[in-house]
Protein chains: 2
Amino acid sequence: MSDKFLPTNSYIGTRDFYPDDMRVRNWFFAKMRKVVESFGYEEMLGPILEPFDVFAAKSGEEIVNEQVYHFTDRGERHMAIRPEMTPTVARMVAAKSGEIRYPVRWYSIANFMRYERPQKGRLREFWQLNVDLLGESGLEYDYEILSVMVNLVKEFGADETMFKVKINNRRFYNDVMREVVNATPDEMKVISKAVDKRSKLPRDKYEEWLKDSGIPGAKIDRLEEVFGMSLSGLAGKLTGDSQGAKELTDLFGLIDKTGLAPYCEFDFSIVRGLEYYTGNIFEVYDLDPENRRALFGGGRYDNLIGLFKKAEVSGIGFGFGDVTFQNFLETHMLIPSDIHENNGVLITVFDDVDYSEYIRLSDELRVSGIKNTIYFGGNKKMGRQFQYAESMGIKFAIVMGGNELSEGKVIVKDMTTREQTEIKRAKFLEDFRKIFR
Amino acid sequence: MSDKFLPTNSYIGTRDFYPDDMRVRNWFFAKMRKVVESFGYEEMLGPILEPFDVFAAKSGEEIVNEQVYHFTDRGERHMAIRPEMTPTVARMVAAKSGEIRYPVRWYSIANFMRYERPQKGRLREFWQLNVDLLGESGLEYDYEILSVMVNLVKEFGADETMFKVKINNRRFYNDVMREVVNATPDEMKVISKAVDKRSKLPRDKYEEWLKDSGIPGAKIDRLEEVFGMSLSGLAGKLTGDSQGAKELTDLFGLIDKTGLAPYCEFDFSIVRGLEYYTGNIFEVYDLDPENRRALFGGGRYDNLIGLFKKAEVSGIGFGFGDVTFQNFLETHMLIPSDIHENNGVLITVFDDVDYSEYIRLSDELRVSGIKNTIYFGGNKKMGRQFQYAESMGIKFAIVMGGNELSEGKVIVKDMTTREQTEIKRAKFLEDFRKIFR
């Protein structure tokens, strides 16, 4: 073997999930599953690779040009590692459009890759809960998805002091930009990027950036004005009927009648990056002063199926990434401290007992649902074996040496209290169950 | 929008998992999780991309040259989509070799990609349960892993008429090839591929292939002889002490003393493809005459960590792929028929009731753990709504129109018996729970 070793770190921007990390992950994805399933959503999944074209058509310039991992396969197919789930969902719905019953309520938990400069809350490989509702359009959809989003965050014990869903509408945004700000289509492209800059740059740098990008001073002032206005105020400034304004007003009408009001607010500065959104859009914000940022978001998209089939199918959905959310849970101390506990049993071993005796003991425990392992290793000193149990957080150790075996008994040691209890081998399971909890 | 549509099929050799497919998948991976966790294994996971070199060093020629998806990233790193898990496990153990307590018992459920000509039981993207035990060496490891393998298959109701674990040993195989068959190192390379050919080709074609590959006739006869021999017969033909023979004999000693004997047999024709195996090797076979093939397998590898660190860490493990296993479950009819049942509730809607009333009903059910959806869609005729419930396999529909609302009541319709029950809105949850099961 050469002296040159391969590096042990994971690929840049990706994570190794050791068992401790995995327990946190499994805990929060299980909770998410529970919530979305209670709303009637069914799990689905697609392949990790999709044709590059599926994303090129709709995922937005930045993602496609700068962020997609893509390559040509041996059959000369231009493939991409998925950077998001929605195009796959649209493809799968299109593939079965004849037999599928609308509305379709689907969710998935999957991994994605994007070229990113790794930073807090952003990695190259992330996992995401993706929730989509497809079928006939209607405001109730929007409400339902919003309710799923709010209840997902609430499920972890978060309350209205910790997060807020900011709501806007793509059509309404375009109407206001056109009619109130008098932005040209080119200016609108710049402005859609400005919103993000506005939240990150100091005021003067932000205005400088707008000026350098060709937005006249008067429009910058007008822009600042509209960002601060209420929904009714902005809607009042539009001359004709605005479908977007109606979609927002109706949605807030429903929000006010149910329990979601404390978690939701209109915010005209929310635009969402992806180009495929067409109606109401949502973004969940962390309210912690140290971490004021978008946790996740989504919205309505109306034309995605159209890439695959002559069909008009409305859709609304969101993606909920694990990286930012874990930050949120840690910031607000919402991860239970007992998540790392190991409720298993260690069977200690002695040289004077045939190994098959331990296997029998282990099988009895296992079949009755009690997780256990037999101690291995060359050093079989009792102290060493107990030390191993402690280091693994194991609560009970079982001791059965030659003496115990010949006397037909087993010793159970509680690793927390150090208490030892002697029980009959013949009644082992029955008596151990009384101690084990 | 252009008239040219993107294809709706998934990438060649990959699968779309619709909710029905997903239920089967989730069912069997949940059972697998339960079994491996009962043996004390902890879940972990690595990234989908690993450096190409990690596989180049150890995964075996065929996988690396013909099967790995690899590409160069924007930082000129030569990356691969993982074709298997074990090198990642080895890397992660090496990365924490200072703090990790041996033995490490890890498992993962992850997706992998290999260039394959798609065929029954082989796809390009597959999911796999991967189980590894790393630490000090010892025969008990081999037994434990074997026991996990057998208990995994048994968990699904399979018995000894349906599957068998065939066992061999890499060292023993090499000893016999060298001493009994008198094969040269070059001939041994050919012979290791011959085993696979032997099970698939007619006898004359198989011998022809061996001859064409340069194996002399006398050695072909000798080879056929050893393939049919028992462990003790073969071991008796070796002159010196064979560590491999001892590893096998000791393992079978333990198998005979516990409950695994009916599921295990020695088979000298098992070699396993991966080059990193060094000791006992296992392959689980489907015994169905129509489907006689390997389901999954594994074995001992001793040097993997050495790629990353100057360390000798024994390991033993296996990978259990979903594609062949689902075939096995279907062949032996081991998938329960009620797996596709939907135990949810549909709340039907009327135009004369404010929508927020339905939301309240839905939230009450959801919070108490009852999965439900509100009917959407333009066509609100009762017949249409019930039809939807039936098509989704939903068991209960809830009816609350303007009349019911004003009279403070709710109608529950059992979609199977068509029976309708009237309950008070004020006592809705309490009374519904008596009907719902």
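Cut-off values and rules
- Per chain, residue numbering runs from 1 following the sequence as it is written.
- Chains and ligands are labelled by the order in which they are written, letters from A for the one and numbers from 1 for the other.
- Local features are withheld for residues below a pLDDT of 70 in this predicted model, meaning they are given only at 70 or higher, and side-chain atom pairs are given and counted only at 80 or more; totals for whole chains, interfaces and linings count all residues.
- The side-chain quantities take in all heavy atoms of the structure and omit both hydrogens and water.
- Contact criterion: two residues are considered in contact whenever any of their non-hydrogen atoms come within 4.5 Å of each other.
- Two parts lose some accessible area (1.4 Å probe) when they are put together, and adding that loss for both gives the buried area.
- What makes a salt bridge here is a side-chain nitrogen of Lys or Arg within 4 Å of a carboxyl oxygen of Asp or Glu, nothing more.
- Distance and chemistry together define a polar contact, namely a pair of N or O atoms within 3.5 Å, with one atom able to donate a hydrogen and the other to accept it when in protein, and with adjacent residues in sequence counting only for side-chain atoms on both sides.
- Helix numbering and strand numbering both begin at the N terminus, where a helix is a DSSP run of H or I of at least 4 residues and a strand a DSSP run of E of at least 2.
- Under the scheme applied, nonpolar residues are Ala, Val, Leu, Ile, Met, Phe, Trp, Tyr, Cys and Pro; charged residues are Asp, Glu, Lys and Arg; polar residues are all the others, including Gly.
- Residues belong to one nonpolar core when they are buried, are Ala, Val, Leu, Ile, Met, Phe, Trp, Tyr or Cys, and are joined through side-chain atoms within 4.5 Å.
- A 1.4 Å probe rolled over the protein chains alone gives each residue an accessible area, and that area as a share of the maximum for its type sets the label: buried under 20%, exposed over 50%, partly exposed in between.
- Two strands pair if DSSP finds at least two bridges between them.
- When the centres of two rings from Phe, Tyr and Trp lie within 6.5 Å, Trp using its six-membered ring, the rings pair. Their planes under 30 degrees apart give stacked, over 60 give edge-to-face, and anything left gives tilted.
- Note on criteria: charge over ring means Lys NZ or Arg CZ within 6 Å of the ring centre, with the direction from the centre no more than 35 degrees off the ring normal.
- These domain boundaries are the output of an automatic or database domain assignment.
- Here the copies are matched by least squares. The fit uses the C-alpha atoms of residues with pLDDT of at least 70 in both.
- Per-residue confidence from the predictor is given as pLDDT, running between 0 and 100.
- Note on definitions: angles span 0 to 180 degrees between N-to-C directions of axes, and those axes are lines fitted to C-alpha atoms, for helices only across the stretch in contact.

Enquirer: Describe the interface of chain B and chain A, and please don't skip the residues or the numbers.
Expert: With 96 residues of chain B in contact, the opposing surface of chain A contributes 96 residues. A buried area of about 8600 Å², summed over both sides, lies between chain B and chain A, and 60% of it is on carbon and sulfur atoms. Among the residues of chain B in contact with chain A, Tyr18(B), Arg74(B) and Phe376(B) are the three that bury the most area, contributing 9% of the side total. The partner of Lys257(A) in a salt bridge is Asp354(B), with the nearest N and O atoms 2.6 Å apart. In this structure, the connection of chain B to chain A is made through 32 residue pairs in polar contact (both at pLDDT 80 or more). At 7 residues, the largest contribution of residues to the side of chain B that touches chain A is made by helix H1 (residues 19–38) of chain B. Among the residues making up the side of chain B that touches chain A, the classes are represented as 43 nonpolar, 24 polar and 29 charged.

Enquirer: Help me get a handle on the nonpolar core, residues and values and all.
Expert: Judged by nonpolar contacts, the single largest core of 142 residues is most densely connected at Ile167(A), Phe172(A), Phe268(A), Phe328(A) and Phe432(B). Among the elements that make up this core, the one with the highest residue count is helix H5 (residues 139–154) of chain A (9 residues). Here Ile167(A) is in contact with Leu146(A), Leu248(A), Leu251(A), Phe252(A), Ile255(A), Cys264(A), Glu265(A), Phe266(A), Asp267(A), Ile281(A) and Phe282(A), once residues within four sequence places are set aside.

Enquirer: Would you mind going over the pairing of strand S4 (residues 78–81) of chain A in detail, with residue names and values included?
Expert: Residues and elements named next belong to chain A. With 3 bridges connecting them, strand S2 (residues 49–51) and S4 associate as antiparallel partners. The residue of S4 that forms the bridge with Pro-51 is Met-79. Taken together, the 4 bridges between strand S3 (residues 69–72) and S4 define a ladder with antiparallel strand orientation. Bridged to Tyr-69 within S4 is Ile-81. In textbook terms, the turn of a hairpin is the stretch between consecutive antiparallel strands, and for S3 and S4 this stretch comprises 5 residues, one of which, Glu-76, has a positive phi near 65°.

Enquirer: For the packing of aromatic side chains, give the residues involved together with the corresponding values.
Expert: All told, the structure shown has 49 aromatic pairs over all chains when counted by the stated rule. Measuring from ring centre to ring centre gives 6.2 Å for Phe71(A) and Tyr69(B), while their planes differ by 70°; the resulting arrangement is edge-to-face. Note that Phe71(A) is positioned in strand S3 and Tyr69(B) in strand S3 (residues 69–72), a pairing that runs across two chains. Across this residue pair, the class does not change: Phe71(A) and Tyr69(B) are buried. Ring-pair connections join several aromatic residues into one group, and the members of that group are Trp27(A), Phe28(A), Phe29(A), Phe156(A), Phe296(A), Phe318(A), Phe320(A), Phe325(A) and Phe328(A). Across from the ring centre of Trp127(B), 4.4 Å away, lies the NZ or CZ of Arg25(B), which sits over that ring. Across from the ring centre of Phe156(B), 5.8 Å away, lies the NZ or CZ of Lys31(B), which sits over that ring.

Enquirer: Tell me about the domain arrangement of chain A, residues and numbers included.
Expert: Domain annotation of chain A identifies domain 1 (19–154 + 295–337) and domain 2 (343–435). Here the C-alpha centroids of domain 1 of chain A and domain 2 of chain A sit 46 Å apart.

Enquirer: Lay out the environment of Tyr301(A) with the relevant residues and their values.
Expert: Residues and elements named next belong to chain A. As for its position among the elements, Tyr-301 is in strand S10 (residues 294–301). Tyr-301 gets classed as buried once you look at its relative accessible area, which sits at 2%. In this structure, the C-alpha to C-alpha distance between Tyr-301 and Lys-200, residues 101 residues apart in sequence, is 27 Å. Discounting chain neighbours no more than four positions away, the residues touching Tyr-301 are Thr-86, Asp-132, Leu-134, Tyr-276, Tyr-277, Thr-278, Val-313, Ser-314, Gly-315, Ile-316 and Gly-317.

Enquirer: Please give an account of the side chain of Glu50(B) that cites residues and values.
Expert: Residue and element names in this part refer to chain B. Here Glu-50 lies in strand S2 (residues 49–51). Accessibility expressed as a relative area gives 0% for Glu-50, which makes it buried. For Glu-50, the side chain forms a polar contact with the side chain of Arg-91, separated by 2.8 Å. Glu-50 has contacts with Phe-55, Met-79, Ala-80, Thr-88 and Arg-91, leaving out every residue within four places of it along the chain.

Enquirer: Tell me about the relation of the copies chain B and chain A, residues and numbers included.
Expert: When chain B is brought onto chain A, the operation consists of a screw motion whose angular component is 180° and whose axial shift is 0.0 Å, with 0.0 Å RMSD remaining. Such a combination of turn and shift is consistent with a two-fold rotation axis. No C-alpha of chain B lies nearer the rotation axis than that of Phe71(B), which sits 3.3 Å from it. Interface overlap between copies: 100% of the residues of chain B at the interface are likewise at the interface in chain A, consistent with a symmetric, same-surface contact.

Enquirer: Lay out the confidence of the model for chain A in plain terms, naming residues and giving numbers.
Expert: Any residue range with low pLDDT should be treated as having predicted coordinates unsuitable for detailed reading. On average, residues of chain A score 90 in pLDDT, and 97% of them reach the 70 mark or higher. Across the interface, the model reports ipTM at 0.92; the global pTM reads 0.92.

Enquirer: Pulling in residues and values, what's your account of the sheet that holds strand S16 (residues 420–424) of chain A?
Expert: Residue and element names in this part refer to chain A. Judged by pairing direction, the sheet is mixed, and its 5 strands sit side by side in the order S13-S12-S14-S15-S16 without closing on themselves. Since the sheet does not close on itself, it has two edges, and those belong to strand S13 (372–374) and S16, each with one partner. Pairwise comparison of adjacent strand axes, ignoring direction, gives a mean angle of 25° for this sheet. For strand S15 (residues 409–414) and S16, the ladder comprises 5 bridges, and the chain directions are antiparallel.

Enquirer: I'd like a rundown of the pattern of salt bridges, residues and numbers included.
Expert: Two side chains with opposite charge may pair up if their charged atoms get near one another. Residue and element names in this part refer to chain A. Counted by the stated rule, this structure contains 58 salt bridges over all chains. One salt bridge in this structure joins Lys-34 and Glu-155, with 2.9 Å as the shortest N-O distance. Separated by 121 residues along the polypeptide, Lys-34 in helix H1 (residues 19–38) and Glu-155 in the loop between H5 and strand S7 (163–169) bring together distant segments of the chain. According to the relative accessible area criterion, Glu-155 is partly exposed, its value standing at 27%. Asp-302 serves as the salt-bridge partner of Arg-300, at 3.6 Å between the closest nitrogen and oxygen. Like Arg-300, the residue Asp-302 is buried in the burial classification. Through salt bridges with shared partners, a single ionic network connects Asp-142, Arg-171, Glu-247, Arg-300 and Asp-302.

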